[in-house]
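The lines below spell out each chain.
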Amino acid sequence: DVTVLPLQERLLLGIVVHDVHESGTLRTHIGDMLTSIQSNANRFGRPREHAELHETFRREATSYLSALAYFCGMRNTHSPPGHQAAIGAKLAHVMRDFVKDVRVGQVNVSNEDIATYGLDVSGYSEVVPQSGTLKWAAANVRVAERLFSEGLNALRKCSSLRYKIIVAVLIAKYQTY
C-alpha cells in the first residue's frame, strides 16, 4: 500500500512508475550516471589524456544534473542548465582530494598535466608541496572559477525554481573547497 509511504517517496515512486511505462528517460539518466561511475572505476590507477579525462568529467557532471533536472520536472535536459558549474565542481573535488586519491592509486590528472607541472602521482605517503603541484592547483582553480561563473549565469535562465535552488546550493558547496 503506497499510501503508507511519506509524500516525498510517493512522488518519487510516481515519477519512476510513469517513466517505466512512458518515456524511459529516467532509466537513460541513471544509466548515464552508472556509466560515468564505471568509467571512473575502470581508469583507477592510470592517468588519461586531457581531452578524455575532461570528457569523463563533463559526462559525469551532466549525467547527474540531467537526472536532477528530470526529478525537478524538466524534460529534454541533455545539456542541463548550470552543467558548466558542475564540471567546475568536479575539478574542485579533484583538487580537494588530490593527495588522498594519489595515496590510494586514484589518478584524476591528465598525462599532459603530469608532464607540464611535473606532478608526482606515484602514490607517495609524505606530501611535500611542490611548486608544480601548486601551479597545477592554481591553474585549475582559475578554470573552476570560470566554470562556476558560466554555470551560474546559465542557471539564471532556468525556469525551474526548485532546480535553480538545488544546483546553486551544490555550486556554493563546491566553491568553498
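Residues numbered from 1 in each chain as written. Predicted model: local features only at pLDDT ≥ 70, side-chain atom pairs only at ≥ 80, totals over all residues. Heavy atoms only, no water.

Chemist: Tell me about the overall build of the protein chain, and please be specific about residues and values.
Modeler: Of the regular secondary structure elements, the protein chain holds eight helices and zero strands. When the elements of the protein chain are put in sequence order from the N terminus, they spell out α-α-α-α-α-α-α-α. Along the first, second and third principal axes, the C-alpha atoms of the protein chain reach 60 × 30 × 30 Å. Taking all 177 residues of the protein chain together, 38% fall into the buried category. Expressed as a percentage of contacts within the protein chain between residues at least 6 apart in sequence, the contacts between residues at least 24 apart total 62%. Only carbon and sulfur atoms are counted for the fraction: they give 59% of the accessible area of the protein chain, which is about 10100 Å². Averaging the positions of the 20 positive and the 17 negative side-chain charges in the protein chain gives two centres separated by 5 Å. (Helix = DSSP H or I, 4+ residues; strand = E, 2+ residues; numbered from the N terminus. Buried < 20%, exposed > 50% of the residue type's maximum accessible area, 1.4 Å probe, protein only. Contact = heavy atoms within 4.5 Å. Areas by Shrake-Rupley, 256 points an atom, 1.4 Å probe, with all protein chains shown as cover. Lys, Arg positive; Asp, Glu negative; His and termini not counted. Charge placed at Lys NZ, Arg CZ, Asp CG, Glu CD.)

Chemist: Quick rundown of the layout of surface pockets? Include the residues and the values.
Modeler: A volume near 320 Å³ is recorded for the largest pocket. Around the largest pocket sit 17 residues that line it, and Tyr 64, Ala 86, Ala 89, Leu 170 and Tyr 174 are the ones nearest its centre. When residues of the lining of the largest pocket are traced back to their parent elements, those giving at least two are helix H3 (50–71), helix H4 (83–96) and helix H8 (161–175). For the lining of the largest pocket, the leading source of residues is H3, giving six residues. Residue classes in the lining of the largest pocket are distributed as 12 nonpolar, two polar and three charged. (1 Å grid on protein atoms, 1.4 Å probe; cavity = no way out; pocket = protein on both sides within 12 Å on 5 of 7 lines; lining within 4 Å. Points joined across faces, edges and corners; volume = space filled by probe spheres on them. Nonpolar A, V, L, I, M, F, W, Y, C, P; charged D, E, K, R; others polar.)

Chemist: Which residues make up the environment of Thr 28, and what values go with them?
Modeler: Take Thr 28: it is sitting in helix H2 (residues 25–42). Sequence separation between Thr 28 and Val 94 is 66 residues; the distance between their C-alpha atoms is 26 Å.

Chemist: Give a description of the nonpolar core that names residues and reports values.
Modeler: Counting 31 residues, the largest nonpolar core has Val 109, Trp 136, Phe 148, Tyr 163 and Val 167 as the members making the most contacts within it. Considering every element that reaches this core, the biggest residue donor is H4, with eight residues. (Core = buried A, V, L, I, M, F, W, Y, C linked by side-chain atoms within 4.5 Å.)

Chemist: Any details on the pattern of salt bridges? Residues and values, ideally.
Modeler: Evaluation of the coordinates by the stated rule reveals seven salt bridges. Among the ionic pairs, Glu 55 bridges to Arg 58, the shortest N-O distance being 2.6 Å. One end of the pair is Glu 55 and the other is Arg 58, both in helix H3 and three residues apart, which spans about a single turn. Residue classification places Glu 55 among the partly exposed residues on the basis of a relative accessible area of 33%. (Salt bridge = Lys/Arg side-chain N within 4 Å of Asp/Glu carboxyl O.)

Chemist: I'd like to hear about H2, residue by residue, with values.
Modeler: The end-to-end C-alpha distance of H2, which contains 18 residues, comes to 25 Å, matching closely the 26 Å that a straight helix rising 1.5 Å per residue would cover. Residues of H2 that are buried include every one of Leu 26, His 29, Ser 36, Ser 39 and Asn 40, and no others. Relative to the axis of H2, the buried residues are bounded by an arc of 155° and lie together on one face. In H2, the exposed positions angled more than 90 degrees off the buried face are occupied by Arg 27 and Leu 34. (Expected span 1.5 Å × (residues − 1). Arc of directions from axis to C-beta.)

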